[in-house]
Amino acid sequence: MAEVEADDGKDEEGMVVTKSPDSDPGSYGKSEQGTDQESPDSGEEGKPVYHQTNPETMPADDAQRERDFRKKLNQEAREAVTDSIHKKVRLIVHRPGYNDEDQREYTRLSRELMPVIRDIVRKTLPLLEHETASEFARNHYFGSKFQADSLAYRDFRYFARKRPPTENPSLAVGLRVDESASMSAHGRLEAAKRAVIAVYEFCRMCDIPVLIYGDTADVSRLEQMSVFAYADYDKPDPGDKYRLMGIRARSNNRDGMALRIMAERLAASPRQTRLLISMSDGQPKALEDYTGNRAAEDIRQTIAEFERKGVSFIAAAIGQDKEVIRHIYGQERCLDLTRLSGLPAELVRMIARHL
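Residues numbered from 1 in each chain as written. Predicted model: local features only at pLDDT ≥ 70, side-chain atom pairs only at ≥ 80, totals over all residues. Heavy atoms only, no water.

Caption draft 1: Geometry of helix H7 (residues 322-329). Of all the positions in H7, only Ile 325, Arg 326, Ile 328 and Tyr 329 are classed as buried. Around the axis of H7, the buried residues are gathered within 160° of arc, so they sit on the same side. Summarising the geometry of H7, the exposed residues directed more than 90 degrees from the buried face are Glu 323 and His 327. Those residues of H7 hidden inside the fold are in contact with helix H5 (255-267), strand E8 (273-280), helix H6 (292-307), strand E9 (311-317) and strand E10 (334-335). Note on H7: the residue one or two positions beyond its end, Gly 330, has a positive phi of about 95°. (Buried < 20%, exposed > 50% of the residue type's maximum accessible area, 1.4 Å probe, protein only. Helix = DSSP H or I, 4+ residues; strand = E, 2+ residues; numbered from the N terminus. Arc of directions from axis to C-beta. Contact = heavy atoms within 4.5 Å.)

Set out below in C-alpha cells:
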C-alpha cells in the first residue's frame, strides 16, 4: 500500500493520508501536456532515455505502428472505465521501451528461473497434446463428459466437450502488477520481476496469449492513473521480456481501475478460459478518496461484473496486507504464498491448472 500527499484528506477510517517516503520524488508535474498524449521516457534532468524501441530509432513504418497501437490502448482503456467510478480519472497508458541495462537484468534474473520453467513446461505440454488429440476440451459449464476431478473448483465448469483437432488450448492470461511505492520494500520488486518473467516465458512456450500490465496512481495531477503495457498479445514483440524489467515502485495504487481495464481486454478474447491475476503487496489507496470500503467495494463489483463475462480472478498477495486482500477478493480467489522465492513457480503451476 502506498500513501500519498492529500489536502487534509482522510480515509474512511479517519486516518490522514500522507506521502510515503518510498514514493518517487518529484513525480508530480511529469505529464503537463494532458491525458491525450503519452509521456516520453526521461532520465536525469528530463533528458530522453533512448532504447531499442524508441520511435526515433525505429524505421518510420514501425514507429507509426507503435504510436497507433499505443493510441488504441489508450482509447480502449478510457472506454473500459466510462461507466465506472473512475470515469473522470485522468489516465495514460504507456508502452515502455527497454535498454541494455534491462537486457542484462533480464539475463541475470532469468538464468536461475528458466530450468524451473522448462521443467513445468515439459510436464504441461504432453497434457496439452493429449487434450487436443483426445478431442475433449476441459472446464466447460456443459458437455458430454463429466470431470469428477473438477468438483474441487467452484466455477461450475465440471464438463468436457469435443474439440476440433486443430483447436489450440483455449486460455488467455492477464497479469496485473501493482507498482505502488511500497513494492520497493522487503525484496518485493525483484520477486515481482521474477514472477512476471516466469509467467511470460511459460505462456510463450505453451503458446498462451498473455497480457502483462503494471499500474500506479497519482504520479501527477494531470496523470492520475498510469498503466504500463509491458506485454500485449495483440502486438507480441521479442523485446517484451526486456520491457518487463521496467517494472518499478512508483506511487499509489488504484486497483479496481487497473483490473477493469485488463478484464475488459480479456473479456473480448475469443478464448474459452480467461484468467486475470492481480499481484499486489497492499490494499488500494489513491487520491482523492479511493481507499477503505469504497475501494474494496469497487474491486468486488468489478470482479462480479467480469466473472459474469467469463473472466476468472486470482489475487497473489505478497505483502503485509494479505488478510485485507483475502477479505476483498475472497478466500477462493487468493493464492496462498508463504515465501516470495516460491512465487514464480506457484504462479506458473496455477496457470497450468487452468489449461
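Caption draft 2: Broad picture of the nonpolar core. Ranked by size, the top nonpolar core spans 51 residues in total, and within it Val 173, Phe 202, Ile 277, Met 279 and Leu 347 carry the most contacts. In terms of residues, this core owes the most to one element, helix H3 (residues 188-205), which gives ten residues. Of all hydrophobic cores here, the second largest spans 40 residues; its members include Ala 80, Val 93, Ala 263 and Ile 325. (Core = buried A, V, L, I, M, F, W, Y, C linked by side-chain atoms within 4.5 Å.)

Caption draft 3: Layout of the sheet that holds E10. Pairing is mixed across the open sheet formed by seven strands, whose spatial order is E1-E7-E6-E5-E8-E9-E10. One side of each edge strand has no neighbouring strand; the edge strands of this open sheet are strand E1 (91-94) and E10. For strand E6 (residues 210-220) and strand E7 (residues 223-231), the ladder comprises seven bridges, and the chain directions are antiparallel. Each bridged residue has a counterpart across the sheet, and for Ala 217 the counterpart in E7 is Met 225. Across the face of the sheet, helix H1 (residues 60-80) comes into contact with E1, E6 and E7 while running at roughly 140° to E1. (Pairing = 2+ DSSP bridges. Axes fitted to C-alpha atoms, helices over the stretch in contact; angles between N-to-C directions.)

Caption draft 4: The arrangement of the pattern of salt bridges in detail. Under the counting rule described, the total for this entry stands at 30 salt bridges. Among the salt bridges present, the one from Arg 95 reaches Asp 240, with a minimum N-O distance of 3.5 Å. Taken as a pair, Arg 95 in the loop between E1 and helix H2 (100-133) and Asp 240 in helix H4 (residues 240-243) lie far apart in primary sequence, 145 residues in all. There is no split in this pair, since Arg 95 and Asp 240 are both buried. Taking the shortest distance from any N to any O, the salt bridge between Arg 188 and Asp 281 comes out at 2.8 Å. Taken together, the residues span a long stretch of sequence, with Arg 188 in helix H3 and Asp 281 in the loop between E8 and H6 at a distance of 93 residues. (Salt bridge = Lys/Arg side-chain N within 4 Å of Asp/Glu carboxyl O.)

Caption draft 5: Focus on the side chain of Glu 201. Among the structural elements, Glu 201 can be located in helix H3. Given a relative accessible area of 2%, Glu 201 falls into the buried group. In terms of polar contacts, Glu 201 uses its side chain to reach the side chain of Tyr 106, at 2.3 Å. Here the side chain of Glu 201 touches Arg 204 through a polar contact of 2.7 Å, side chain to side chain. Excluding anything up to four places from it in sequence, Glu 201 contacts Tyr 106, Met 114, Ile 117 and Lys 241. (Polar contact = N/O pair within 3.5 Å; in protein donor to acceptor, adjacent residues only side chain to side chain.)

Caption draft 6: Representation of the packing of aromatic side chains. In total, this model carries three aromatic pairs according to the counting rule given. Ring centres of Tyr 106 and Tyr 242 lie 5.5 Å apart, and the angle between their planes is 90°; this geometry places the pair in the edge-to-face category. Of the two residues, Tyr 106 is situated in helix H2 and Tyr 242 in helix H4; the sequence distance between them amounts to 136 residues. What makes Tyr 106 buried here is its relative accessible area of 7%. Measuring from centroid to centroid gives 6.2 Å for Phe 228 and Tyr 230, while their planes differ by 20°, and the two rings are stacked. Ring pairing ties together the aromatic residues Tyr 98, Tyr 106 and Tyr 242, which thus form one cluster. The ring of Phe 228 is capped by Arg 250, whose NZ or CZ atom sits 3.9 Å from the centre of that ring. (Phe/Tyr/Trp six-rings, centres within 6.5 Å; stacked < 30°, edge-to-face > 60°. Lys NZ or Arg CZ within 6 Å of the ring centre and 35° of its normal.)

So yeah, pure geometry; function would need other evidence.
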